[in-house]
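Fold and contact review
Spelled out from the first residue to the last, the chains are:
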Amino acid sequence: LSQNWSDALRPTTPAIEECIARTWETELALAREGEGMLYNGDLIRLVEARATATQLFLELGPTCYRDFLGTNLHHASTVWRTGEQHLANPLGISSTVITRDGFLVFGRRSGRVAFHAGYLHTFGGLLEASDRDAEGRFDVFMAAIRELNEELGLHKEEIAEIVVAALVRDRIIVQPELLF
């Protein structure tokens, strides 16, 4: 697995930005109404992925939750027609846990989350700005371990092996996701 960072922002149009702003204001109002939580955090965008028989190359860049909400989550098909590069495309991290005795572990998503609420699901989230290693590169493996710690209380020492199995695009939220 190798990666490169690009400071280039997601290409956009005035219409897309208006759509994002409208969606954000609507979702903020809904969150306030339902006493929910919503904030615009920095996320890491998948700009491009290339694979060979032995390597996965990721080009990463900046995005944020607000742009994700207004593009991938609520208006993916509209934005996609303008061009896939206009999507926020935050890189999802999703880990399937297999116990020592061979059982699969799933969690039930909270009813308060923005997508897949109430579903049985693997464990994960999004690659975040804090997921950089000592050299400043993003460490997707440590991001997966961070999510497993946040959601299951697992510590790095308790994980026997962690492997990237695939890079897919979630069909519902049209989001790229690394599967571990």
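All of these numbers come straight from a predicted model, not from anything done at the bench. (Residues numbered from 1 in each chain as written. Predicted model: local features only at pLDDT ≥ 70, side-chain atom pairs only at ≥ 80, totals over all residues. Heavy atoms only, no water.)

**Concerning the side chain of Arg-109**
Stated precisely, the cut-off is as follows: A run of H or I in DSSP counts as a helix once it spans at least four residues, and a run of E counts as a strand once it spans at least two, with each numbered from the N terminus. Relative accessibility thresholds used throughout: buried, under 20% of the residue-type maximum; exposed, over 50%; partly exposed, between the two (1.4 Å probe, protein chains only). Under the convention used here, Asp and Glu are negative, Lys and Arg are positive, and both His and the chain ends fall outside the count. Any carboxyl oxygen of Asp or Glu within 4 Å of a side-chain nitrogen of Lys or Arg constitutes a salt bridge here. Contacts are residue-level and defined by heavy atoms, with any inter-residue pair within 4.5 Å sufficient.
Turning to its location among the elements, Arg-109 is positioned in the loop between β7 (107-108) and β8 (120-121). For the buried Arg-109, no salt bridge is present, and the opposite-charge side chain at shortest range is Glu-151, 5.8 Å distant. For Arg-109, the residues in contact, after removing those within four places along its chain, are Phe-115, His-116, Ala-117, Gly-118, Tyr-119 and His-121.

**Observations regarding the packing of helix α1 (residues 14-33) against helix α2 (residues 65-82)**
The condition that has to hold: Angles shown run from 0 to 180 degrees and are taken between the N-to-C directions of axes, each axis being a line fitted to C-alpha atoms and, for helices, limited to the stretch in contact. By the definition adopted for this analysis, an angle is roughly parallel if under 35 degrees, roughly antiparallel if over 145, roughly perpendicular if from 65 to 115, and oblique otherwise. Two helices that cross are described as forming a left-handed crossing if the nearer one is turned anticlockwise from the farther one by less than a right angle, and a right-handed crossing if clockwise. All amino acids are sorted into three groups, where Ala, Val, Leu, Ile, Met, Phe, Trp, Tyr, Cys and Pro are nonpolar, Asp, Glu, Lys and Arg are charged, and the leftover types, Gly among them, are polar.
Relative orientation of the contacting elements α1 and α2 amounts to 135°, with a least axis distance of 9 Å. Classed by the angle they form, the pair α1 and α2 counts as oblique. Like other packed secondary-structure pairs, α1 and α2 cross with a definite hand, here right-handed. Listed contacts from α2 to Ile-16, Glu-17, Cys-19, Ile-20, Ala-21, Thr-23, Trp-24 and Glu-27 of α1 are Tyr-65, Arg-66, Asp-67, Leu-69, Gly-70, Thr-71, His-74, His-75, Val-79 and Thr-82. For the contact of α1 with α2, a count of residues per class yields eight nonpolar, six polar and four charged.

**Remarks on the nonpolar core**
Put simply, the test is: Here, the term nonpolar core denotes a set of buried Ala, Val, Leu, Ile, Met, Phe, Trp, Tyr and Cys residues that are joined through side-chain atoms within 4.5 Å.
Residues Leu-58, Leu-60, Leu-91, Ile-93, Leu-127, Val-140 and Leu-178 are the most contacted members of the largest nonpolar core, which totals 14 residues. At the level of elements, β2 (42-51), β3 (56-64) and α3 (140-152) are the ones that each hand at least two residues to this core. Ranked by size, the runner-up nonpolar core spans 11 residues in total, among them Trp-24, Leu-43, Phe-68 and Leu-69.

**Observations regarding the sheet that holds strand β11 (residues 176-179)**
Cut-off, in case you're wondering: Strand pairing follows a simple DSSP-based rule, namely that at least 2 bridges must link the two strands.
Taken in spatial order, the four strands of this open sheet run β9-β4-β11-β10, and their pairing is mixed. Single-partner strands in this sheet number two, and they are β9 (123-126) and β10 (166-169). Taken pair by pair, the neighbouring strands of this sheet meet at an average axis angle of 25°, ignoring direction. Each of β4 (92-95), β9 and β11 touches α3; the most contacted strand, β9, lies at about 120° to it.

Such coordinate-based values are descriptive only and should not be taken to indicate function.
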